[in-house]
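The primary structure of each chain is shown beneath.
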Amino acid sequence: MTMPAIKAEATAVAIPTASPISAAPVVTMTPKSAPRAEKYVKVGKEIAVRVVPPLIVLALLMLFWELVCRRTGSTLPPPSRVFKDTKELIFDPFFDNGGIDKGLFWHLSASLQRVAYGYSIAAIVGIALGTLVGQSVWAMRGLDPLFQVLRTIPPLAWLPLSLAAFRDGQPSAIFVIFITSVWPIIINTAVGIRNIPQDYRNVAAVVQLNPLEFFWKIMIPAAAPYIFTGLRIGIGLSWLAIVAAEMLIGGVGIGFFIWDAWNSSHISEIILALFYVGIIGFVLDRMIAGLAKFVTHGTAAN
């Protein structure tokens, strides 16, 4: 073999060829995220499922009401007439001409303040007495029959007695709210305390919790779904009671507004006030239900 041949062979061997597989770029596959528009569409569908059916039912009811009350001889105004008669109250709820000549905002806020006072007292007293009755057999035997008798007395039956005791309409209305809403809170709290699992009590005895620690760490969390059931019933009864009580005690308040509208033969104003009463009652119930869901982590009835 000659020298040039050796060089040529060496040259041929020394030139490597790149493999097509190793030269190909590496492609990594990443999961494709859902487009933002699809998320909005999903949320919109969930909202529509909750909102559209009530709106359809409401529209049908309004149409039926309009058709029925437009007939000759009808004693109730149709929705179109209600809006025409009350549009000033709707678009200007904040006017204050002194005395009882105020917008609906002031009447509703006065009623809500009375409800807040009476309901707060009922919640504190109701949970305390319910805990006592649920925890003590002797307290249950002594107090439960009394509670069962008093809770059957109609709310307005307490009003003359409260007026005689307080000599003023404001504390009398608050007392009526309290005495109306306290009973379901007591009863449901007592049921919740009595239904605390025995295992919880055994654990509390093992770790030697004092009565205050047992109350906050065992009793209240375990009975919370029952307690909030009583609180939801109580807030509804409170709102019912204040409207009825204000019709009799007078002054600023949505109940007195309804009664004054009746005396003035303003039926459209009564219908508007009832609409606001229903909406606020619904909102109050949803507020307590939301608080219950937050505190009990979804275990309370919705």
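Here the structure is a predicted model, which means the values were calculated and not measured. (Residues numbered from 1 in each chain as written. Predicted model: local features only at pLDDT ≥ 70, side-chain atom pairs only at ≥ 80, totals over all residues. Heavy atoms only, no water.)

K.L.:
What is the right way to look at unusual backbone geometry in this model?
P.N.:
Only a minority of non-glycine residues have a phi that is not negative, and only a minority of peptide bonds are not trans. The phi torsion at Arg167 lies on the positive side, around 60°, for a residue other than glycine. Along the chain, Arg167 falls in the loop between α7 (159–166) and α8 (169–194). Residue classification places Arg167 among the exposed residues on the basis of a relative accessible area of 73%. Phi angles above zero are rare outside glycine, and Ser265 is one such case at about 60°. (Helix = DSSP H or I, 4+ residues; strand = E, 2+ residues; numbered from the N terminus. Buried < 20%, exposed > 50% of the residue type's maximum accessible area, 1.4 Å probe, protein only.)

K.L.:
Explain the pattern of salt bridges here, please?
P.N.:
Any two side chains of opposite charge can pair, given that their charged atoms come close. According to the stated counting rule, one finds 6 salt bridges in the structure shown. One salt bridge connects Glu66 with Arg70, and the closest N-O pair in it is separated by 2.5 Å. Between Arg232 and Asp285 there is a salt bridge; the shortest N-O distance is 2.9 Å. With a gap of 53 residues between them, Arg232 in helix α10 (residues 211–249) and Asp285 in helix α12 (residues 267–296) connect regions that are remote in the sequence. (Salt bridge = Lys/Arg side-chain N within 4 Å of Asp/Glu carboxyl O.)

K.L.:
Any chance you could explain a nonpolar patch on the surface here in plain terms?
P.N.:
On the surface, Val43, Ile47, Val51, Leu55, Leu58 and Met62 cluster together to form a nonpolar patch covering roughly 510 Å² of accessible area. Topologically, Val51 is positioned in helix α3 (residues 36–69). A residue is classified by how much of its surface remains accessible, and Val51, at 38% relative accessible area, is partly exposed. (Patch = residues over 30% accessible without salt bridge, like charges linked within 9 Å, V, L, I, M, F, W, Y side chains within 5 Å. Areas by Shrake-Rupley, 256 points an atom, 1.4 Å probe, with all protein chains shown as cover.)

K.L.:
How should I be thinking about the confidence of the model for the chain in this particular structure?
P.N.:
Parts of the prediction with low pLDDT should not have their coordinates interpreted in detail. Summarising the model, the chain shows a mean pLDDT of 84, and 87% of its residues fall at 70 or more. Here helix α1 (residues 3–14) stands out as the least confident element of the chain, with mean pLDDT 45; helix α5 (residues 104–135) is the most confident, with 93. For the stretch residues 1–22, pLDDT sits under 50, and the model shows 2 contacts to residues farther than four places along the chain or on other chains. (pLDDT = per-residue confidence, 0-100. Contact = heavy atoms within 4.5 Å.)

K.L.:
Even after reading the chapter, I still don't get the environment of Thr229, so can you show me in this structure?
P.N.:
Relative to the helices and strands, Thr229 is located in helix α10. Classification of Thr229 by relative accessible area gives partly exposed; the value is 32%. As a C-alpha pair, Thr229 and Pro184 span 45 residues in sequence and 8.4 Å in three-dimensional space.

K.L.:
Honestly, the packing of α5 against helix α6 (residues 137–150) in this entry has me stumped. Any pointers?
P.N.:
Where α5 contacts α6, the two axes come as close as 6 Å, and the packing angle between them is 125°. In terms of their interaxial angle, α5 and α6 are classed as oblique. Packed against α5, whose contacting residues are Leu129, Leu132, Val133 and Gln135, the element α6 presents Val137, Ala139, Met140, Leu143 and Phe147 at the interface. Counted by class, the contact of α5 with α6 contains 8 nonpolar, 1 polar and no charged residues. (Axes fitted to C-alpha atoms, helices over the stretch in contact; angles between N-to-C directions. Parallel < 35°, antiparallel > 145°, perpendicular 65-115°, else oblique. Nonpolar A, V, L, I, M, F, W, Y, C, P; charged D, E, K, R; others polar.)

K.L.:
Explain the side chain of Thr86 to me, please; I cannot follow it from the model alone.
P.N.:
Mapped onto the elements, Thr86 comes out in helix α4 (residues 79–91). Classification of Thr86 as buried rests on a relative accessible area of 1%. Those residues within four positions of Thr86 in sequence are excluded, and the remaining contacts are Ser268, Glu269 and Leu272.

K.L.:
Looking at this model, I keep getting lost on the packing of aromatic side chains. Mind explaining?
P.N.:
In this structure the tally under the stated criterion is 9 aromatic pairs. Ring geometry for Phe147 against Trp183: centres 5.6 Å apart, planes inclined by 45°, an arrangement best described as tilted. Here Phe147, found in helix α6, pairs with Trp183, found in helix α8; they are 36 residues apart in sequence, far enough to count as distant. When its relative accessible area of 7% is taken as the criterion, Phe147 is described as buried. For Trp183, a relative accessible area of 8% translates into the label buried. Considering the side-chain rings of Trp158 and Phe175, the 6.2 Å spacing of their centres and the 75° angle between planes classify their relative orientation as edge-to-face. Of the two residues, Trp158 is situated in the loop between α6 and α7 and Phe175 in helix α8; the sequence distance between them amounts to 17 residues. The ring of Trp138 has Arg141 sitting right over it, with the charged end atom 5.6 Å from the ring centre. (Phe/Tyr/Trp six-rings, centres within 6.5 Å; stacked < 30°, edge-to-face > 60°. Lys NZ or Arg CZ within 6 Å of the ring centre and 35° of its normal.)

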